[in-house]
Amino acid sequence: MAPVRLGMLRLTDAAPVVLAQEAGLFATEDLDVVLSVEPSWANLADKLSYGLLDAAIMLPPLALAMSLGLRAAGTPLLVPMSLSLNGNAVTLSTALAGPILGSRSALEAGRRLRTLLRGHALPRLAVVHARSTHHLLLRYWLAASGIDPDRDVAIGVIPPAEMVASLAAGRIDGFCAGAPWGVMAARDELGRNVITSAEIWRNHPEKCLAVRADWAERRPAQLQALLRALLRAAQRCDDPAEAPVLAELLAQQRYIGVPADAIAASLAGGLAGGSVFFAQAATYPWRSHARWFLGQMARWGEVPAALDQDAAALRIYRPDLHAEAARALGLAVPRTDRKPEGGHDAPWQLAADPVPIEMAPDPFCDRASFPTRDA
């Protein structure tokens with residue numbers, strides 16, 4: 001059987017993939033997985049498009065854009081699994097962050113930033129990719145705080161592993177990126193995390209597994225084996241007892257290459273707003289998540305106004321593939337593929353078989369709610 005070529009970046013939310021490789025979970029499924037650590041999301045997307053990778057840890061908005069032909073090197077992709085919730089932070093230079101630290105909410109932090117911007121040179125903020133969760137959530141927070149993302153700040157793109165060096169060189173005034181780069185900026189006394197992405201949208205979807213549609217069609221058994229291994233890994237990644245060993249694995253030079261304790265801060269048992277890998281149906285590829293991403297991309301002119309967003313979500317996000325793997329492991333499977341996003345201010349139970357799934361609140365910083373839509 002041909003190996004599965006799987007791409008990733010140097011980020012903490014690669015944890016399920018790294019654990020599945022290092023703990024032999026892929027091997028248990030008779031999979032030969034070749035991991036390819038890429039320098040940027042653009043590089044990873046190109047390799048996926050040109051068939052040099054079969055699958056990748058991916059930014060959901062980028063996966064959607066590639067599948068819809070909105071990127072020069074596009075290709076049909078499927079999203080059969082989400083990989084994490086939360087995990088990003090907005091990090092600002094020490095000078096900008098000072099007056100914002102101690103804010104009681106994301107909106108208060110944003111309003112303090114808005115006050116700082118009056119009479120201030122246009123701040124340069126960086127995100128990891130133009131079509132990223134980071135970019136959409138940063139824009140959502142800025143707009144909710146009364147800051148125009150297109151006029152009041154300048155937003156550019158820098159690969160996540162280069163954020164700290166760019167802050168040190170004065171090329172940017174802040175960034176929104178995944179762990180551990182905000183922690184590393186604070187260690188070097190270059191910046192501070194002013195809010196986490198979980199304060200913008202609590203328990204928001206972060207990375208996903210994207211696979212080439214033609215590969216999935218040719219290799220359905222390999223895809224199911226891959227999903228089963230990653231589901232097992234995700235369960236272990238949520239266990240605080242696993243965090244020290246997991247942090248050491250990720251800290252290796254071939255993966256993230258930073259001190260293990262900086263990585264551990266965003267794993268189970270670490271700081272608030274850290275990554276969730278399995279609990280709260282974190283692995284389920286909700287079509288309502290896809291619909292939210294597409295709606296926000298349309299808001300900022302990233303998708304054509306005439307696009308049938310519901311049909312796109314139905315075609316690209318594939319909870320049926322996830323459900324097949326979950327049932328094989330005896331895991332609970334939601335009874336629906338969409339839910340109201342931002343509609344839960346308290347813990348709740350999700351209807352699932354064979355047992356309900358315990359869910360956490362998911363409010364947005366501005367208390368908005370995005371109801372379900374029939375696809």
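Anyway, here's the lowdown on the structure attached to this text. As the structure is a prediction and not an experimental result, all values here were calculated from the model.

Structural notes on the pattern of salt bridges
And step 1. The full count for this structure, using the stated rule, is 25 salt bridges.
And step 2. Among the ionic pairs, E108 bridges to R104, the shortest N-O distance being 3.0 Å.
And step 3. Take E108: its relative accessible area is 17%, and that puts it in the buried class.
And step 4. One salt bridge in this structure joins D214 and R218, with 3.9 Å as the shortest N-O distance.

A few points about the pairing of strand β6 (residues 124-127)
And step 1. In terms of strand pairing, β6 meets strand β7 (residues 154-157) through 4 bridges, oriented parallel. Within β7, the residue paired with V127 across the bridge is V157.
And step 2. Once you follow β6 into helix α7 (residues 133-144) and on to β7, the crossover reads as right-handed.
And step 3. Relative to strand β8 (residues 174-178), β6 runs parallel, the two being bridged by 3 bridges. Bridge pairing links L125 to G174 in β8.

Some points on the sheet that holds strand β3 (residues 55-58)
And step 1. One open sheet holds the 5 strands; their spatial order is β2-β1-β3-β10-β4, and the pairing between them is mixed. Where the open sheet ends on each side, the last strands, each with one partner, are β2 (33-37) and β4 (77-82). Taking each pair of neighbouring strands and ignoring which way they run, the sheet shows an average axis angle of 25°.
And step 2. Here strand β1 (residues 4-8) pairs with β3 via 2 bridges, running parallel. Within β3, the position partnered with G7 by the bridge is A56.

Quick word on unusual backbone geometry
And step 1. Along the chain, A179 connects to P180 via a cis peptide bond; the corresponding omega equals 10°.
And step 2. Position of P180 among the secondary structure elements: in the loop between β8 and α9 (181-187).
And step 3. The residue after D353, namely P354, is reached through a cis peptide bond having omega 10°.
And step 4. Mapped onto the elements, P354 comes out in the loop between β13 (352-353) and β14 (357-359).
And step 5. Not every positive phi belongs to a glycine, and N203 is a case in point at roughly 60°.
And step 6. Within the fold, N203 resides in the loop between α10 (197-200) and β10 (208-212).
And step 7. Take N203: its relative accessible area is 13%, and that puts it in the buried class.
And step 8. Although it is not a glycine, R367 adopts a positive phi angle of roughly 65°.
And step 9. Following the sequence through the fold, R367 ends up in the segment after β14.
And step 10. Judged by relative accessible area, R367 falls into the exposed class, the value being 55%.

The rules behind each value
- Residues numbered from 1 in each chain as written.
- Predicted model: local features only at pLDDT ≥ 70, side-chain atom pairs only at ≥ 80, totals over all residues.
- Heavy atoms only, no water.
- Salt bridge = Lys/Arg side-chain N within 4 Å of Asp/Glu carboxyl O.
- Buried < 20%, exposed > 50% of the residue type's maximum accessible area, 1.4 Å probe, protein only.
- Pairing = 2+ DSSP bridges.
- Helix = DSSP H or I, 4+ residues; strand = E, 2+ residues; numbered from the N terminus.
- Right-handed = clockwise from strand over helix to strand, strands pointing away.
- Axes fitted to C-alpha atoms, helices over the stretch in contact; angles between N-to-C directions.

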